[in-house]
Amino acid sequence: AQTVTQSQPEMSVQEAETVTLSCTYDTSENNYYLFWYKQPPSRQMILVIRQEAYKQQNATENRFSVNFQKAAKSFSLKISDSQLGDTAMYFCALQEYGNKLVFGAGTILRVKS
Amino acid sequence: EAGVTQFPSHSVIEKGQTVTLRCDPISGHDNLYWYRRVMGKEIKFLLHFVKESKQDESGMPNNRFLAERTGGTYSTLKVQPAELEDSGVYFCASSQDLAGGPVNEQFFGPGTRLTVL
């Protein structure tokens, strides 16, 4: 069975600093996708970044990047130059081709000024 | 382009009553998913429609939950009768046909917060 674990229920970071959110997962498939979703307070969940398992290169989207370690089944999210607008709940999710998303429990990130 | 919309945004009902949640996916998206997040826990998959057909309903908790997607457009999720443990946030998501590409990005609605008293 697929599982996704986020071991950090809450984290804080000072504005302009860097923070890393952890995620580990388990799947028996070789082809799958990993995602980080962000849900700001009282707003819709949006996709932050995605990684295809067959790609060795880590995905990057502006200030957001991932450290994908396939053998270790680890998929952490690094946010550089944190901004107040990054305050949100962050969910790590796993998807096998075409199927449902399996989510972690989420990490609340608070960016402090 | 309008995103995924859900109605109502909040619903408070008493145990034993019936509630119907609605989801309007992004126009043209054949895939529609329902998820649920019970307080403090993971977001859990409920079911997946491809057009009007149920592709996967392995996450539906029991037969008190009924999902429909008539005509392959909007979807409803009915809970009858509601129980206390049904409280949570119900999310809907939609995505394009898988033939459009390998990454089936799902776009989420704002969710419906259901409280059963």
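Here's what I pulled together on the structure shown here. The shown structure was predicted, so the numbers you read here are calculated from the model rather than taken from an experiment.

Comments concerning the overall build of chain A
Argument step 1. Along the backbone of chain A there are zero helices and 12 strands.
Argument step 2. Along chain A, from the amino end to the carboxyl end, the secondary structure elements read β-β-β-β-β-β-β-β-β-β-β-β.
Argument step 3. Its C-alpha atoms give chain A a radius of gyration of 13 Å, near enough to 13 Å, the size a compact globule of 113 residues would have.
Argument step 4. With the C-alpha coordinates of chain A rotated into their principal frame, the extents come out at 40 × 30 × 20 Å.
Argument step 5. The proportion of buried residues among the 113 residues of chain A is 50%.
Argument step 6. Counting only contacts in chain A whose residues sit at least 6 apart along the sequence, the fraction spanning at least 24 positions is 56%.
Argument step 7. Accessible surface, chain A as shown: approximately 5,600 Å² in total, 43% of it carbon and sulfur.
Argument step 8. Side-chain charges in chain A split into 11 positive and 10 negative, and the spacing between the mean points of these groups amounts to 2 Å.

A word on the side chain of D86 of chain A
Argument step 1. When you line up the elements, D86 of chain A lands in the loop between β9 (74-79) and β10 (88-96).
Argument step 2. The residues touching D86 of chain A, leaving out its near neighbours within four places in the chain, are K38, R63, F64, I79, L109 and V111 of chain A.

Some words on the interface of chain A and chain B
Argument step 1. The interface of chain A with chain B comprises 20 residues on the first partner and 22 residues on the second.
Argument step 2. Between chain A and chain B, the buried area comes to about 1,800 Å², and carbon and sulfur atoms account for 57% of it.
Argument step 3. Put simply, chain A and chain B have one salt bridge between them.
Argument step 4. For R50 of chain A, the salt bridge goes to E105 of chain B, with nearest N and O atoms at 2.8 Å.
Argument step 5. Applying the counting rule to chain A against chain B returns five residue pairs in polar contact (both at pLDDT 80 or more).
Argument step 6. For the side of chain A that touches chain B, the secondary-structure elements that each account for two or more residues are β5 (32-39), β6 (46-52), β10 and β11 (101-103) of chain A.
Argument step 7. The residue inventory of the side of chain A that touches chain B, partitioned by class, reads 11 nonpolar, six polar and three charged.

Remarks on the nonpolar core
Argument step 1. Ranked by internal contacts, the top residues of the largest apolar core, which has 27 residues, are Y25, W36, F75, L77, Y90 and L109 of chain A.
Argument step 2. Among the nonpolar cores identified, the runner-up in size contains 21 residues, and L21, M60, L77 and Y90 of chain B belong to it.

Rules used in this analysis
Residues numbered from 1 in each chain as written. Chains lettered and ligands numbered in written order. Predicted model: local features only at pLDDT ≥ 70, side-chain atom pairs only at ≥ 80, totals over all residues. Heavy atoms only, no water. Helix = DSSP H or I, 4+ residues; strand = E, 2+ residues; numbered from the N terminus. Rg over C-alpha atoms; globule rule 2.2 N^0.38 Å. Buried < 20%, exposed > 50% of the residue type's maximum accessible area, 1.4 Å probe, protein only. Contact = heavy atoms within 4.5 Å. Areas by Shrake-Rupley, 256 points an atom, 1.4 Å probe, with all protein chains shown as cover. Lys, Arg positive; Asp, Glu negative; His and termini not counted. Charge placed at Lys NZ, Arg CZ, Asp CG, Glu CD. Buried area = accessible area lost by both parts, 1.4 Å probe. Salt bridge = Lys/Arg side-chain N within 4 Å of Asp/Glu carboxyl O. Polar contact = N/O pair within 3.5 Å; in protein donor to acceptor, adjacent residues only side chain to side chain. Nonpolar A, V, L, I, M, F, W, Y, C, P; charged D, E, K, R; others polar. Core = buried A, V, L, I, M, F, W, Y, C linked by side-chain atoms within 4.5 Å.

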